[in-house]
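Read off the chains here:
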Amino acid sequence: MVSFSPTSVATAIVVAKTGILILGGLITLISYRAYRRTGASALQFLAIGFGVVTFGSLLGGVLDQLLHIGLATSVLIESALTLVGFAVIFYSLYAE
């Protein structure tokens, strides 16, 4: 069984959350720009959905790493926002 130190796990979480924030932010921005260019409500909901997912990841990391809320609570909040974001993205696939 592989064992990681708490410091290396915390560093890996920060790196992963940073990558999610950058890529999620870019996807949100591109979706929003496409919505502004076309006026298509589906793209608006797509941007909102990715924004919620990205914000959930950021909030989960902040709660765990900076506010020391606890990993389980942070993961629960992040997961709930991911669920909401994916529901909005799912809806965007059917919006006209």
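What counts and how
The numbers attached to residues start from 1 for each chain and follow its sequence in the written order. Since the coordinates come from a predicted model, pLDDT governs what is reported: local features require at least 70, and pairs of side-chain atoms require 80 or more to be given and counted, while whole-chain, interface and lining totals use all residues. Computation of side-chain values: all heavy atoms of the structure, hydrogens and water removed. We count a salt bridge whenever a side-chain nitrogen from Lys or Arg sits within 4 Å of a carboxyl oxygen from Asp or Glu. For helices the rule is a DSSP run of H or I covering at least 4 residues; for strands it is a run of E covering at least 2, with both sets numbered from the N terminus onward. The classification of residues rests on relative accessible area computed with a 1.4 Å probe and restricted to protein chains. Under 20% of the type maximum is buried, over 50% is exposed, and intermediate values are partly exposed. We call two residues in contact when some of their heavy atoms are within 4.5 Å. In this description, a line fitted to the C-alpha atoms serves as the axis of each element, helices being fitted only across the stretch in contact, and the angle between N-to-C directions of two axes falls anywhere from 0 to 180 degrees. The cut-offs work like this: below 35 degrees is roughly parallel, past 145 is roughly antiparallel, 65 to 115 is roughly perpendicular, and the gaps in between are oblique. The classification used treats Ala, Val, Leu, Ile, Met, Phe, Trp, Tyr, Cys and Pro as nonpolar, Asp, Glu, Lys and Arg as charged, and all other residues, Gly among them, as polar. For a helix, the expected span equals 1.5 Å multiplied by the residue count minus one.

## Here's the deal with the pattern of salt bridges
No. 1: On inspection of all chains with the given rule, the structure shows 1 salt bridge.
No. 2: E78 is paired through a salt bridge with K17; the nearest N and O atoms lie 2.5 Å apart. Remark: K17 occurs in helix α1 (residues 6-38) and E78 occurs in helix α3 (residues 71-92); sequence separation between them is 61 residues. With respect to class, E78 is no different from K17; both count as buried.

## Observations concerning the environment of D64
No. 1: With respect to the helices, strands and loops of the structure, D64 is situated in helix α2 (residues 41-66).
No. 2: Overall, the relative accessible area of 17% leaves D64 in the buried class.
No. 3: For the pair D64 and A10, spaced 54 residues apart in the sequence, the C-alpha separation amounts to 9.4 Å.
No. 4: Dropping the residues within four chain positions of it, D64 is found in contact with I13, G70, L71 and S74.

## Some details on the packing of α2 against α3
No. 1: α3 packs onto α2 with a crossing angle of 175° between their chain directions and a minimal axis gap of 7 Å. On the basis of their axis angle, the class for α2 and α3 is roughly antiparallel.
No. 2: Across the contact of α2 with α3, the residue classes break down as 18 nonpolar, 8 polar and 2 charged.

## Let's talk about α2
No. 1: Here α2 contains 26 residues, and its C-alpha end-to-end distance of 36 Å stays within 8% of the 38 Å for a straight helix at 1.5 Å per residue.
No. 2: Along α2, the residues classified as buried are A42, A47, G49, V53, T54, G56, S57, G60, G61, L63 and D64.
No. 3: In this fold, the buried residues of α2 make contact with α1 and α3.
No. 4: Immediately downstream of α2, the backbone of H68 shows phi near 55°, a positive value.

## Here's the deal with the side chain of S57
No. 1: As for its position among the elements, S57 is in helix α2.
No. 2: What S57 contacts, discounting residues up to four positions off in sequence, is K17, I20 and E78.

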